[in-house]
Amino acid sequence: MAVCYLGLGSNLGNRRKFIRLALERVGALEKTKVIKVSQLYETEPQGFIAASPGFINAAAKISTPLSALKLLKELKAIESELGRKKFKGLRSRPIDLDILFYGNKRISLPYLKVPHPRVTERDFVLRPLKDIAGPLIKSLSAKMKVISKISSMREFIRAQKIKGRTIGFVPTMGALHQGHLSLIRQAKKDNDRCVVSIFVNPIQFGPKEDYKKYPRDLERDSILARSAGCDCVFFPDAGEMYPENYLTYVFVEKITDCLCARLRPGHFKGVTTVVSKLFNIIGPDIAYFGQKDYQQALVIKKMAEDLNMPLKIKVMPTIRESDGLAMSSRNAYLSAQERLDAAVLHQALQKAKEMIFQGERNSRKIIREMRKMILKKKSAKIDYALVADARTLVPVNVIRGKTLIALAARIGKTRLIDNMVVC
Ligand code: PAF
């Protein structure tokens, strides 16, 4: 008998019923027992946009005498019995059944990979699995260090450096998504060790911003970070980073007066302060930032250059959902309709690119077109839409040389940003 974990998902028709029917069918397979079932979770479709509601996902622990291949065949038969059609690519479906774990076995065939390769990368698997396989899930991030004290972090780094190892560093505030994971993968590829910090930095949030409600789930983030190649998570608390009597701040001038700073005064001072503290604690060879936060990356580059910080800053491309929406931890706040509307930011940037490609150089005309497109969405309010010199962030009337097209808008109550650089 093998003990296995299955992932179940449905986003068409009576979703709960399909999950229940699938579990009944699994329980009716030869000498197979369904031992435990997780709660049902509502999740967003991943890798495609569905007009129908999101997915309902669950995980089940079963025992079965069937081989992994026979079990896979039976699961496919259940899927087609419950109305799933065969399609290439990702689509809405009444039922989706995956083998996540099959005992301790590792299988790597073109049509079956066990443990399931996305087990540790996707919330729709992780959340239900945590209900019924907590220790198994914990063991997935067990090899990774989680350090919360600055002194211990320094010790870890010292031990790596004595051995001549290089350090790649990805600073984050947690709520990791594919954008962060791509930075972690790159950091691991370029360096011997990858360190990720998870710290929701209070001094970069305004008094009316989402500091308190910012999503925090260390266990989930650790598993995701580990799966992308992280060797050590630095997870200090606010008291460790800003003890009583804390008085020192780092501030970059001029390029922090505009764009996001106008509606978020003090934000960049908070970012540069925490990032310089983190650089001092971790001493990375290379630190990684996403181009989605273009202004942040530019400000940090300038800070590192002006303060002669001995490291390299690498800015990596924005990772997008299949409809172009830039990945962001704040996308999780969007309702289903807002999520569909949010794609308009990328569409507006694409429109600007097309206009520039066709020879338009007048910034006002480009901005007018982008604003028009965005404001067609009832949920959208624009904070700014501008065309600026990509190095100085000073707005330009005529597009010449390296130019930044940047947008910030509220979709419902969620503030999203996106940008594009044209040369
Ligand atoms: O981009 C972020 O998540 C934050 O601004 C950063 C760089 C981790 C500093 O808190």
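Here is a short report on the structure shown in this document. (Residues numbered from 1 in each chain as written. Predicted model: local features only at pLDDT ≥ 70, side-chain atom pairs only at ≥ 80, totals over all residues. Heavy atoms only, no water.)

## Examining the overall build of the protein chain
Quick reminder of the rule: For the purposes of this entry, the term helix denotes a DSSP run of H or I that reaches at least four residues, the term strand denotes a run of E that reaches at least two, and both are numbered from the N terminus. The globule rule is 2.2 Å times the number of residues to the power 0.38, and the radius of gyration it is compared with is taken over C-alpha atoms. A simple rule labels every residue: compare its accessible area, found with a 1.4 Å probe on the protein chains alone, to the largest value its type can have, and call it buried under 20%, exposed over 50%, or partly exposed in between.
The helix and strand inventory of the protein chain stands at 14 helices and 16 strands. Taking 22 Å as the expected radius of gyration for a compact globule of 423 residues, we find that the protein chain reaches 24 Å, a close match to that expectation. For the C-alpha atoms alone, the extent of the protein chain along its principal axes is close to 70 × 55 × 35 Å. In the protein chain, buried positions account for 53% of the 423 residues.

## Looking at helix α10 (residues 267–282)
Along an α-helix, residues three or four apart share an orientation, since each turn contains 3.6 residues. We apply this condition: For a helix, the expected span equals 1.5 Å multiplied by the number of residues minus one.
A rise of 1.5 Å per residue sets the reference length of α10, with its 16 residues, at 22 Å; its end C-alpha atoms lie 22 Å apart and thus fit the reference within 8%. Extensive coverage of α10 is indicated by the burial of 14 of its 16 residues. Just downstream of α10, Gly283 is the residue with a positive phi angle, here 55°.

## Focus on the pattern of salt bridges
Close approach of charged atoms allows side chains with opposite charge to pair. Which entries qualify depends on this criterion: Note on definitions: salt bridges are taken to be side-chain nitrogens of Lys or Arg within 4 Å of carboxyl oxygens of Asp or Glu.
Throughout the structure, instances matching the rule amount to 21 salt bridges. As a salt-bridge pair, Lys149 and Glu240 come within 3.5 Å of each other at their nearest N and O atoms. Pair noted here: Lys149 is in the loop between β8 (145–147) and α5 (150–162) and Glu240 is in helix α8 (residues 238–241), with a separation of 91 residues, a long-range link. Measuring nitrogen to oxygen at the nearest pair gives 2.6 Å for the salt bridge that ties Arg264 to Glu209. Taken as a pair, Arg264 in the loop between α9 (260–263) and α10 and Glu209 in the loop between β10 (193–198) and α7 (218–228) lie far apart in primary sequence, 55 residues in all.

## With respect to unusual backbone geometry
Cis geometry is found at the peptide bond from Val114 to Pro115, where omega equals -10°. Among the secondary structure elements, Pro115 is positioned in the loop between β7 (112–114) and α3 (123–132). Backbone geometry places Ala175, a non-glycine residue, at a positive phi of 50°. In this structure, Ala175 sits in the loop between β9 (167–172) and α6 (178–190). Even without being a glycine, Leu259 presents a positive backbone phi close to 45°. Mapped onto the elements, Leu259 comes out in the loop between α8 and α9.

## Overview of the packing of aromatic side chains
Put simply, the rule reads: Centres within 6.5 Å are what make two rings of Phe, Tyr or Trp a pair, Trp counting through its six-membered ring; a difference in plane orientation under 30 degrees is then read as stacked, over 60 as edge-to-face, and the rest as tilted.
Per the stated rule, a full pass over the model turns up seven aromatic pairs. A ring pair is formed by Phe199 and Tyr242, whose centres lie 6.2 Å apart and whose planes are at 45°; its orientation type is tilted. One end of the pair, Phe199, is in the loop between β10 and α7; the other, Tyr242, is in the loop between α8 and α9, and 43 residues separate them in sequence. Judged on exposure class, the residue Phe199 and its partner Tyr242 are both buried. Between the aromatic rings of Tyr246 and Tyr249, the centroid separation amounts to 5.6 Å while the plane-to-plane angle is 85°, which identifies the pairing as edge-to-face. What makes Tyr246 partly exposed here is its relative accessible area of 22%.

## Some remarks on the site of the ligand
Applied cut-off: If a single non-hydrogen atom of a residue is within 4 Å of a molecule or strand, that residue counts as near it. The definition of a polar contact used here is a pair of N or O atoms within 3.5 Å, where within protein one atom must be able to donate a hydrogen and the other to accept one, and adjacent residues in sequence count solely through side-chain atom pairs. Computed with a 1.4 Å probe, the accessible areas rest on the Shrake-Rupley method; for each residue, only the protein chains presented here act as cover.
Near the ligand you find Pro171, Thr172, Met173, Asn201, Gln204, Val271, Val274, Val275 and Gln296, and these make up its full shell. Gln204 is positioned with one of its side-chain polar atoms (N or O) 2.6 Å from an oxygen atom of the ligand. Within the side chain of Gln296, one N or O atom sits 2.7 Å away from an oxygen atom of the ligand. For the ligand, whose accessible area on its own is 290 Å², the fraction buried by protein is 89%. Residue contributions to the shell around the ligand peak at three residues, all from α10.

## A word on the sheet that holds strand β14 (residues 380–389)
Heads up, the condition is: Strand pairing follows a simple DSSP-based rule, namely that at least 2 bridges must link the two strands. Angles run from 0 to 180 degrees between N-to-C directions of axes, and those axes are lines fitted to C-alpha atoms, restricted for helices to the stretch in contact. By definition in these notes, contact holds between two residues if any of their heavy atoms fall within 4.5 Å.
Pairing is antiparallel in the open sheet, where three strands are placed in the order β14-β15-β16. Two strands lie at the open edges of the sheet, namely β14 and β16 (414–422), each paired on one side alone. Pairwise comparison of adjacent strand axes, ignoring direction, gives a mean angle of 10° for this sheet. Contacting β15 (403–411) and β16, helix α13 (residues 344–357) crosses the sheet at an angle of about 20° to β16. Across the sheet, helix α14 (residues 363–375) is in contact with β14 and β15; its angle to β14 comes to roughly 160°.

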